[in-house]
Each structure stands twice: as C-alpha cells, then as structure tokens.
Amino acid sequence: MRRAAMVAASVGLAAGVSLGFAGVSGAQSDGLDPIPGTMEIRPEIVAPGGDVTARSISPCHPEGTVEWELTQVVGGGEASPVAGTARADAEGHWAVDVAVPDDQGRYRFDATCTLGDSAPYIYTAELRAQWEHSSSEPPDLPTEPEPEPDPDPEPEPEAPEPATPVPGEPDFAG
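Parameters and conventions
Residues numbered from 1 in each chain as written. Predicted model: local features only at pLDDT ≥ 70, side-chain atom pairs only at ≥ 80, totals over all residues. Heavy atoms only, no water. Pairing = 2+ DSSP bridges. Helix = DSSP H or I, 4+ residues; strand = E, 2+ residues; numbered from the N terminus. Axes fitted to C-alpha atoms, helices over the stretch in contact; angles between N-to-C directions. Salt bridge = Lys/Arg side-chain N within 4 Å of Asp/Glu carboxyl O. Buried < 20%, exposed > 50% of the residue type's maximum accessible area, 1.4 Å probe, protein only. Phe/Tyr/Trp six-rings, centres within 6.5 Å; stacked < 30°, edge-to-face > 60°.

A.B. asks: Any chance you could explain the sheet that holds strand E4 (residues 51-56) here in plain terms?
C.D. replies: In a beta sheet, neighbouring strands pair by backbone hydrogen bonds and run either parallel or antiparallel. As summarised here, the arrangement of the three strands in space is E2-E4-E7, forming an open sheet in which the pairing is antiparallel. Two strands bound the open sheet, and with one partner strand each, they are strand E2 (39-42) and strand E7 (95-99). The mean inter-strand angle of the sheet, taken between neighbouring strand axes irrespective of direction, is 20 degrees.

A.B. asks: Looking at this structure, I do not really get the pattern of salt bridges. What am I missing?
C.D. replies: Pairing between side chains of opposite charge can happen when the charged atoms of each approach one another. Summed over all chains, the structure comprises five salt bridges. Among the ionic pairs, glutamate 40 bridges to arginine 42, the shortest N-O distance being 3.5 Å. We classify arginine 42 as partly exposed; its relative accessible area is 44%. Here arginine 106 and glutamate 126 are joined by a salt bridge, their closest N and O atoms 2.9 Å apart. Of this pair, arginine 106 sits in strand E8 (residues 105-114) while glutamate 126 sits in strand E9 (residues 121-129), and the two are 20 residues apart along the sequence. Taking relative accessible area as the criterion, arginine 106 reaches 34% and is therefore assigned partly exposed. Connected through salt bridges with shared partners, the residues Glu40, Arg42, Glu44 and Arg55 form a single ionic network.

A.B. asks: I would appreciate a short explanation of the packing of aromatic side chains in the present structure.
C.D. replies: Two numbers describe a pair of aromatic rings. These are the distance of the centres and the angle of the planes. A complete count under the given rule lists three aromatic pairs for this structure. With a centroid separation of 5.7 Å and 15 degrees between ring planes, the pair formed by tryptophan 68 and phenylalanine 109 is classed as stacked. Separated by 41 residues along the polypeptide, tryptophan 68 in strand E5 (residues 65-75) and phenylalanine 109 in strand E8 bring together distant segments of the chain. Measuring from ring centre to ring centre gives 6.2 Å for tryptophan 94 and phenylalanine 109, while their planes differ by 20 degrees; the resulting arrangement is stacked. With tryptophan 94 in the loop between strand E6 (82-87) and E7 and phenylalanine 109 in strand E8, the pair connects residues that are 15 residues apart, well separated along the chain. Of the two residues examined, tryptophan 94 and phenylalanine 109, each falls in the buried class. Among the aromatic residues, ring-to-ring pairing joins Trp68, Trp94, Phe109 and Tyr123 into one connected group.

Rendered as structure tokens:
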C-alpha cells in the first residue's frame with residue numbers, strides 16, 4: 001500500500017513537471033518534450049513602469065514564433081500580465097522590449113519559441129520592479145520643504161563688564 005502511494009505520487013509529480021514546461025502557449029508540440037533555453041533580462045532591477053529588454057542567449061528555431069508573457073509573482077498582485085509575440089531571427093535569437101507595469105514587485109518573464117511540429121523551446125527569467133534600487137525617482141514625489149530661517153534671531157548676550165577692585169580687599173587675580 002505504501003509503495004503504491006509512492007508510485008502514484010511520483011507519477012503525479014512527473015505530470016506536474018511536464019505541465020509546468022508547457023510554456024506560455026499551454027501546449028506541447030505533438031507530445032515532444034520542451035527544450036530549456038537560456039535568456040537574460042536587463043536591467044534585472046527597474047523602476048516600476050520602466051523598460052526592460054529580454055533576449056535569448058541560446059537560440060531556438062530559426063524564424064520561430066516567440067510567445068512571451070510578463071507576470072507579477074510577488075507584490076501587490078494588481079498588475080495585469082503583459083504579453084506579446086515576436087519572431088526569432090535566422091540564427092534563432094530573439095529580443096523583446098517590455099514596459100514593466102507600474103506596480104512594485106517581482107515579475108517572471110516566460111517565453112516559448114515554436115516552429116511547426118518541432119519541440120518548443122522554453123525560456124524563463126525574473127526581474128524586480130522597485131524604487132529603492134533604481135536610478136529614477138517615482139513621479140510626483142513630495143519633497144521635504146526647507147526649514148524657514150528664524151525671522152528675528154535673539155541677540156547674543158553681552159559679556160559682563162569686569163568688576164572694579166575695592167581697595168583693601170583681595171583681588172583674587174594673583
């Protein structure tokens with residue numbers, strides 16, 4: 001009984017992993033296993049609403065169709081996914097410029113490159129959208145007002161006049 005449960009769990013895990021690699025299009029080409037591709041996204045930390053460039057490092061199908069999607073995985077959860085398509089060049093490389101949503105958070109970029117009935121290539125990268133590590137400031141940030149100078153500063157107190165020695169009394173001067 002215990003062995004049967006372990007086999008069922010292993011089959012379920014394998015099915016889950018297989019479905020996880022289905023890519024943006026949600027389907028595998030004729031049951032062929034997807035081919036993991038490598039990519040980069042620059043910059044990896046960007047101000048919300050900023051632009052990033054995602055590009056393949058390893059090629060996919062020359063002239064293949066690239067379906068991509070940028071999804072917020074950590075953050076306010078209110079950012080809608082951004083998606084589109086592109087075409088790989090004659091060598092199989094592709095690049096996409098993407099405007100990141102205005103919400104801070106961590107985002108995942110997924111891309112699937114397909115061509116006919118060939119096995120799909122899948123690409124994944126993550127980036128962060130946040131103000132703290134970006135070079136630009138958020139729009140319309142309130143600024144701290146400068147403190148106003150004191151309109152009537154009080155005058156420095158004057159030093160008292162030295163005491164006049166009294167004859168016959170010690171002067172304590174030395």
